[in-house]
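# Structural characterization, general
Residues per chain are reported as follows:
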Amino acid sequence: MEEVQKTLSSSPLYNDEKPPQRKISCFRRHRYRTLAAVAGTIALLGITLGVGLGVGLTNSGDAPKSTSTVSADRRSASPDATASQASGCQAGSLNLLGGLVMANTTPLWQPLPGTPWQIVLSQPIDATKALVPALSVYDIDMYGNTALTIQQMHLQGIRVICYFSAGSWEAYRPDAGLFSYQDLGNNLNGWPGEKWLNTQSKGVRDIMANRIKLAAEKGCDAVDPDNLDGFETNTGFPLTASTALDYLTFLSVTAASYNMAIGLKNAGPIATNATCLVEFSIIESCISNSECSIYQNFIAAGKPVFQIEYPLGAPGYVTSQALSRSCKTNGNVGYSEIIKGKDLGGWVEYCDGTVFNTATY
Ligand SMILES: *[C@@H]1O[C@H](CO)[C@@H](O)[C@H](O)[C@H]1NC(C)=O
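Residues numbered from 1 in each chain as written. Predicted model: local features only at pLDDT ≥ 70, side-chain atom pairs only at ≥ 80, totals over all residues. Heavy atoms only, no water.

As recorded in an unreviewed UniProt entry, the chain goes by alpha-galactosidase and comes from Aureobasidium pullulans.

Following this line, the structure appears as C-alpha cells:
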C-alpha cells in the first residue's frame, strides 16, 4: 500500500466467531476456484463429479460450464465477463493436503478490463441516494461500511469490493487484540502504529479468514486485501515472493468459499504468478513509478487493472498539466485509471477531467 491513506473510520463491530479452518497448499485455478475444506487425510485423485458439481481437481482446461450466475439482480448493471472471457489462466491440478473436498463451482464475479470504478476508504459511503459517479464498481472499507450500505449499493447496480489490510496490523481495528504479539513485526514506513504481520502464521490466517467471512456476511462481492507486498521490505519476518503467493492462495481460496472474488494489491514482483489466483488487480502510482507494464498480463487474461494515481493537488484541484502527467499512457493501456487524493475520500477525478464527490457519512 506504500502511500495510501487507509481508513480511519471504524464502525464496529461484529462478534466474530472462530473462522473455518482451511489448510490448502498452492494451486493454480481457473475462474472456478475449488475450495478444499480439510477434514481428514484422504488422498484424492482425479475425482470428478458429474452432477453439476464439478470438482476442478484435474480439470485440464475446461472449467465446468457455469450453471448459475451470481444473483442476477446484482450483476445487471455490471459489465461482467462471461466465464470464457477471462482466459489466460488454465485450470491446474489442486494439491490437497488431504481431506474432504467441497467444490464451489459458482462462477465468481469477473469484471472486465477497462471497467471504470471508484475507491473510497477513509469514510463510510452514504448510499441512501444514488451515488456519483454512477459506476458499477466501488472499493470501500470493509469495516467502515455496513451491510445496509452494501445492500443499498447493490440496489444501484454496484458491485462492492471490500478493503481490509491482510498484511499489516492496525491498532484501531475491532479485532486488533486477537493478534499474537509474536506475529507483529516492524512498523510500516510512514504509518505510525501500523505493523507488518507474519502472514505465515496460522493465528494471522485464522483472523484473516474471519475478516473474509465478515466481508461475506456484509454482502461484499469481492475483497481487496492490502499489504501483501511485505516481502519487498523489511518486515521482521522471512517473507518472500513465494510466501506471498502462498498467502494470496489462502486468501483467494477462502474468498472463493464465500463466492467472493479477490484482487491483488500492488505487489508487482508476484503479479505474473498471481494473475490466475485473482479476478483483478489494484495498483497505485504505476505512472509515477514507471512500472505500469508489470501488470499488463492481467489485461491479457481478461481481468481489469484498477489504477490509482495521486497527483499534487488531489483531492480538490489538479492542474491540467498534473492531470496529463498522471494520465499519460505508459504501459497502462486498458487500465481503469482514477485520480485520487491520498486520503482516498469521496473526491475522484477521471482522465477526461470529470470530477465527482461521492457522498460519505
Ligand atoms: C512464478 O512462476 C514461475 C514459472 O512457473 C516459477 O518458475 C517461479 O518460481 C514462480 N515464482 C514464485 C515466487 O513462486
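## Quick word on the site of the ligand
Near the ligand, the surroundings consist of Ala241, Ser242, Leu245 and Asn273. Contact between the ligand and Asn273: an oxygen atom at 2.3 Å from a side-chain N or O atom of the residue. For the ligand, whose unbound accessible area comes to 360 Å², protein coverage reaches 30%. At three residues, helix H4 (residues 241–257) tops the list of elements feeding residues into the shell around the ligand. Taken together, the residues of the shell around the ligand sort by class into two nonpolar, two polar and no charged. (Near = heavy atom within 4 Å. Polar contact = N/O pair within 3.5 Å; in protein donor to acceptor, adjacent residues only side chain to side chain. Areas by Shrake-Rupley, 256 points an atom, 1.4 Å probe, with all protein chains shown as cover. Helix = DSSP H or I, 4+ residues; strand = E, 2+ residues; numbered from the N terminus. Nonpolar A, V, L, I, M, F, W, Y, C, P; charged D, E, K, R; others polar.)

## Things to note about the pairing of strand S11 (residues 280–284)
For S11, the buried fraction is high: five of the five residues fall into the buried class. Neither face of S11 is open: one carries Phe280, Ile282 and Glu284, the other Ser281 and Ile283, and all of them are buried. Two strands pair when backbone bridges link them, and strand S10 (residues 261–265) and S11 are joined in this way by three bridges, in the parallel orientation. Across the sheet, residue Lys265 finds its bridge partner in S11, namely Ile282. Where S11 meets strand S12 (residues 305–309), four bridges bridge the pair, whose relative direction is parallel. From the neighbouring strand, Ile283 faces S12, where its bridge partner is Gln307. (Buried < 20%, exposed > 50% of the residue type's maximum accessible area, 1.4 Å probe, protein only. Pairing = 2+ DSSP bridges.)

## Some thoughts on helix H3 (residues 202–218)
With 17 residues, H3 extends 24 Å between its outermost C-alpha atoms, agreeing within 8% with the 24 Å of an ideal straight helix rising 1.5 Å per residue. Counting buried positions along H3 yields 13 of 17 residues, so the element is predominantly enclosed. The N-cap of H3, judged by a side-chain oxygen 3.1 Å from the amide nitrogen of Gly203 a few residues on, is Ser201. (Expected span 1.5 Å × (residues − 1).)

## Things to note about helix H2 (residues 147–155)
Taken together, the buried positions of H2 are Thr149, Ile150, Gln152, Met153 and His154. Two residues or fewer after H2 comes Gly157, characterised by a positive phi angle close to 80°.

## Examining the packing of aromatic side chains
Counted under the stated rule, the structure contains five aromatic pairs. Between Tyr247 and Phe250 the ring centres are 6.3 Å apart and the planes differ by 10°, which places this aromatic pair in the stacked class. Linking Tyr247 with Phe250, this pair stays in helix H4, spanning three residues, or about one helical turn. Phe250 carries the same exposure label as Tyr247, and that label is buried. (Phe/Tyr/Trp six-rings, centres within 6.5 Å; stacked < 30°, edge-to-face > 60°.)

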